[in-house]
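Structural overview
Spelled out from the first residue to the last, the chains are:
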Amino acid sequence: MQKKKATELQRAWGDKPCPHPAFSREYDMGERTGNYCCTQCGASVSFREKAEIMAARAEQDA
Ligand SMILES: [Zn+2]
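Let us look at the structure shown here. The shown structure was predicted, so the numbers you read here are calculated from the model rather than taken from an experiment.

Points about the sheet that holds strand β1 (residues 23-28)
The antiparallel open sheet is built from three strands, whose spatial order is β1-β2-β3. In the strand order of this sheet, the two ends are held by β1 and β3 (44-45), each with one partner. With five bridges joining them, β1 and strand β2 (residues 31-38) adopt antiparallel strand pairing. Within the sheet, the bridge partner assigned to Arg-25 lies in β2 and is Tyr-36.

Section: the environment of Pro-19
Take Pro-19: it is sitting in the loop between α1 (3-13) and β1. In sequence terms Pro-19 and Phe-47 are 28 residues apart; their C-alpha atoms lie 16 Å from each other. Once residues lying within four places of it in the same chain are set aside, the contact partners of Pro-19 are Gln-40 and Arg-57.

What about the packing of aromatic side chains?
Enumeration over the complete set of coordinates arrives at one aromatic pair. Ring geometry for Tyr-36 versus Phe-47: centroids 6.0 Å apart, planes at 50 degrees, classification tilted. One end of the pair, Tyr-36, is in strand β2; the other, Phe-47, is in helix α2 (residues 47-61), and eleven residues separate them in sequence. The lysine or arginine in question, Lys-16, covers the ring of Trp-13, its NZ or CZ lying 4.3 Å from the ring centre.

Here's the deal with the coordination of the zinc ion
Of the protein atoms, only Cys-18 (SG), His-20 (ND1), Cys-38 (SG) and Cys-41 (SG) coordinate the zinc ion, at distances of 2.0 to 2.3 Å. One can describe the site at the zinc ion as tetrahedral: its four donor atoms subtend angles covering 107 to 113 degrees at the metal. Positions of the donor residues of the zinc ion, expressed as sequence spacing, correspond to C-x1-H-x17-C-x2-C. Remark: Cys-41 occurs in the loop between β2 and β3 and His-20 occurs in the loop between α1 and β1; sequence separation between them is 21 residues.

Definitions and limits used
- Residues numbered from 1 in each chain as written.
- Predicted model: local features only at pLDDT ≥ 70, side-chain atom pairs only at ≥ 80, totals over all residues.
- Heavy atoms only, no water.
- Pairing = 2+ DSSP bridges.
- Helix = DSSP H or I, 4+ residues; strand = E, 2+ residues; numbered from the N terminus.
- Contact = heavy atoms within 4.5 Å.
- Phe/Tyr/Trp six-rings, centres within 6.5 Å; stacked < 30°, edge-to-face > 60°.
- Lys NZ or Arg CZ within 6 Å of the ring centre and 35° of its normal.
- Donors = N, O, S within 2.8 Å, 3.2 Å for Na, K, Ca; no water.
- Tetrahedral: all angles 85-135°; square planar, octahedral: opposite > 155°, others 65-115°.

This is how it looks when you write it as structure tokens:
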């Protein structure tokens, strides 16, 4: 997902809570930033933050 699009999503989503159901790689001007964006709210997270969210969710589902 382009960073610009993620920023638009963030604006549209506002400050509602989001469980971050899915992430997409973040791109800026066609280059990978190394971060990920939530496809629902546009939040930008680092690879590590994404891994922690996914791990926490896996524990809840278990
Ligand atoms: Zn989210």
